[in-house]
Amino acid sequence: MKPSKLKRHLETQHPEHVGKSLEFFKRRLDEFNKQRRAFMKTSTTAASALLASYKVSYIIARCKKAHNIAETWVLPAAIDMVEIMLDEQSANKLRSIPLADNTVGRRISDISDDLCDQLTDVLKYSHFGLQIDEATDVVKDAHLITYVCYISANEIKEDLLFCKPIVGRATAVKVFNMIDNFFNEHGISWENCVGLCTDGAQSMAGRHAGLQALVREKAPHTSWTHCMLHRQALASGSMNEELDVDTSDYEWIRNPFGDNSTSTLSTADQEQLIDLSCDGSLKLVFDAGPLEKFWYPSLSTKAIGAASKEASGSSVSVRLPYSQPHQRRANDTQV
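Residues numbered from 1 in each chain as written. Predicted model: local features only at pLDDT ≥ 70, side-chain atom pairs only at ≥ 80, totals over all residues. Heavy atoms only, no water.

A. Structural context of the pattern of salt bridges. Throughout the structure, instances matching the rule amount to two salt bridges. The residue Asp121 makes a salt bridge to Lys124 at a minimum N-O spacing of 3.6 Å. Exposure remark for Lys124: the relative accessible area of 31% places this residue in the partly exposed category. Between Asp287 and Lys283 there is a salt bridge, with its nearest N and O atoms 2.7 Å apart. Taken together, the positions of Asp287 and Lys283, both in helix H12 (residues 280–288) and four residues apart, correspond to about one turn of that helix. (Salt bridge = Lys/Arg side-chain N within 4 Å of Asp/Glu carboxyl O. Buried < 20%, exposed > 50% of the residue type's maximum accessible area, 1.4 Å probe, protein only. Helix = DSSP H or I, 4+ residues; strand = E, 2+ residues; numbered from the N terminus.)

B. Region of the structure containing the packing of aromatic side chains. The full count for this structure, using the stated rule, is five aromatic pairs. Plain terms: the ring middles of Phe162 and Phe182 are 4.8 Å apart, the flat faces sit at 35° to each other, and that makes the pair tilted. A residue pair is termed long-range when its members are at least 10 positions apart, and Phe162 in strand S3 (residues 155–165) and Phe182 in helix H6 (residues 172–186) qualify at 20 residues. For the pair formed by Phe162 and Phe182, the shared burial category is buried. For the pair Phe257 and Phe286, a centre-to-centre distance of 5.4 Å together with 55° between the ring planes defines the contact as tilted. A residue pair is termed long-range when its members are at least 10 positions apart, and Phe257 in the loop between helix H10 (251–254) and helix H11 (267–277) and Phe286 in helix H12 qualify at 29 residues. Taken individually, Phe257 and Phe286 each receive the classification buried, so the pair is uniform in this respect. Following the ring pairs from residue to residue traces out a cluster consisting of Phe128, Phe176, Phe183 and Trp190. (Phe/Tyr/Trp six-rings, centres within 6.5 Å; stacked < 30°, edge-to-face > 60°.)

C. Local environment of the layout of surface pockets. By volume, the largest pocket amounts to about 1,400 Å³. Looking at the lining of the largest pocket, the elements that each hand over two or more residues are helix H2 (22–63), helix H5 (101–123), S3, H12 and helix H13 (291–294). Counting residues per element, the lining of the largest pocket draws most heavily on H5, at eight residues. For the lining of the largest pocket, the class distribution of residues is 15 nonpolar, five polar and nine charged. When its volume is computed, the second largest pocket comes out at roughly 400 Å³. Around the second largest pocket, the lining is made up of 18 residues, and of these Gln131, Glu158, Cys197, Cys227 and Leu229 lie nearest the centre. (1 Å grid on protein atoms, 1.4 Å probe; cavity = no way out; pocket = protein on both sides within 12 Å on 5 of 7 lines; lining within 4 Å. Points joined across faces, edges and corners; volume = space filled by probe spheres on them. Nonpolar A, V, L, I, M, F, W, Y, C, P; charged D, E, K, R; others polar.)

Read these as spatial facts, not as claims about activity.
What follows is the structure in structure tokens.
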């Protein structure tokens, strides 16, 4: 800016400073720069605290813990650890992390919405198949659960698309409208739907008035598949009593982190199973992926099939996934 204009601005806008020395204006400039640096530091701290809040909320959601655990247990423990390992000044920075129970709930909701947006963005440009089922919760309320199988980065992936309550009777028209409204809301085209998997109920599998028929009106090339798990459940209902095997001793294979008191394992293997169930990092891996990926790939099928030992009359080799990397070696146990 020209000196003449600076002088006019000083005389018209700041007449109280006219005639003051150069040192006065230098001091004001230094004060302004200090305030700006303090503001930038505060903004950076707030952004870091916000990111930490989201990360803690994400871990709480994955572990399926109560939201108030962050404020009552996680944050006080983190402050004590940082104060001991580092210093009190670093520990005080953790107090600025917002971890109230309602805040954690909002963070989890934001993460859920963001994951849904990422998934729907992929489905807009990829072919996919739907797996639909109706389920009831502990209070007997019906919910529509929809999974989607799609291709992303040359890999076949499967994710939960949505889970919504069903008001009234779960008719084919109502189920279809729930799916159609979700597609319209997120801009997903029915033309990308190439597969539909349901149970054998008439409202789902009906060719003329069922969900299968309604979907094919929107996507004629869609192929319908009767869910294999439902078919196995129907077949097992009339199974021969000789094939009815008690699998309670092998529940540790399906959920190694539950109450698994079994007599089919040796004392050493039971101790290893206890160590495994106490490992929080392995619990996260178990919750994040399918069962066969948690166990060793080469023996996962054998581990899951161990419950059929009495029916097959042969022994099955099972290997536990140890919590320490150096312990991941061959240690087969005859079940």
